[in-house]
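# A look at the structure
Residues per chain are reported as follows:
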Amino acid sequence: MSDNHGESALDAKPSEFFTGAGGYHDGQAVVPDGDHYRCWCSCGEWQAEAPDEAEGLRLARLHTGSLPG
């Protein structure tokens, strides 16, 4: 049993490469790139730009299905 109390790896490690999302979407990244954040997934089928880190994390969660869309 985890002691994370519902915390997500996407919350714990912002702006880094995330692993363990499970299955086909094994890793997502949300990294600063000038005045925005670049976001992508290891599946190779998703990439996005976000105005800030929080929005990048939200988009990554939507992509992996961990946040209802």
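So, here is what we can say about the structure in this document. (Residues numbered from 1 in each chain as written. Predicted model: local features only at pLDDT ≥ 70, side-chain atom pairs only at ≥ 80, totals over all residues. Heavy atoms only, no water.)

## Quick notes on the overall build of the protein chain
Scanning the protein chain for helices and strands turns up two helices and four strands. Along the protein chain, helices and strands appear, N-terminal first, in the series α-β-β-β-β-α. Considering only contacts within the protein chain whose residues lie at least 6 apart along the sequence, 18% involve residues at least 24 apart. For the protein chain, the accessible area works out to roughly 4,600 Å², and carbon and sulfur atoms hold 48% of it. (Helix = DSSP H or I, 4+ residues; strand = E, 2+ residues; numbered from the N terminus. Contact = heavy atoms within 4.5 Å. Areas by Shrake-Rupley, 256 points an atom, 1.4 Å probe, with all protein chains shown as cover.)

## Side note on the nonpolar core
Formed by Val-30, Tyr-37, Cys-39, Cys-41, Cys-43, Trp-46, Ala-50, Leu-57, Leu-59 and Ala-60, the largest nonpolar core amounts to ten residues. Taken together, the elements giving at least two residues each to this core come down to strand S3 (36-41) and helix H2 (53-64). (Core = buried A, V, L, I, M, F, W, Y, C linked by side-chain atoms within 4.5 Å. Buried < 20%, exposed > 50% of the residue type's maximum accessible area, 1.4 Å probe, protein only.)

## Let's talk about the pattern of salt bridges
Opposite charge on two side chains allows them to pair when their charged atoms are near. The full count for this structure, using the stated rule, is two salt bridges. Between Arg-38 and Asp-33 there is a salt bridge, and its shortest N-O distance comes to 3.6 Å. Owing to a relative accessible area of 32%, Asp-33 belongs among the partly exposed residues under this scheme. When the shortest N-O distance is used, the salt bridge between Glu-55 and Arg-58 registers 2.8 Å. Taken together, the residues Glu-55 and Arg-58, both in helix H2 and three residues apart, mark about one turn of the helix. (Salt bridge = Lys/Arg side-chain N within 4 Å of Asp/Glu carboxyl O.)

## Quick notes on H2
Look at H2: 17 Å from first C-alpha to last across twelve residues, which is about the 16 Å you get at 1.5 Å a residue. What H2 keeps buried is the set Gly-56, Leu-57, Leu-59, Ala-60 and Arg-61. Capping of H2 at its N-terminal end is provided by Asp-52; its side-chain oxygen lies 3.3 Å from the backbone amide nitrogen of Ala-54. (Expected span 1.5 Å × (residues − 1). Polar contact = N/O pair within 3.5 Å; in protein donor to acceptor, adjacent residues only side chain to side chain.)

## What about the environment of Glu-53?
Along the polypeptide, Glu-53 turns up in helix H2. In sequence terms Glu-53 and Pro-32 are 21 residues apart; their C-alpha atoms lie 7.8 Å from each other.

## Points about the environment of Gln-28
Among the structural elements, Gln-28 can be located in strand S2 (residues 27-33). Relative accessible area serves as the criterion here: at 1%, Gln-28 is assigned to the buried category. C-alpha of Gln-28 to C-alpha of Trp-40: the two residues are twelve residues apart in sequence and 5.5 Å apart in space.

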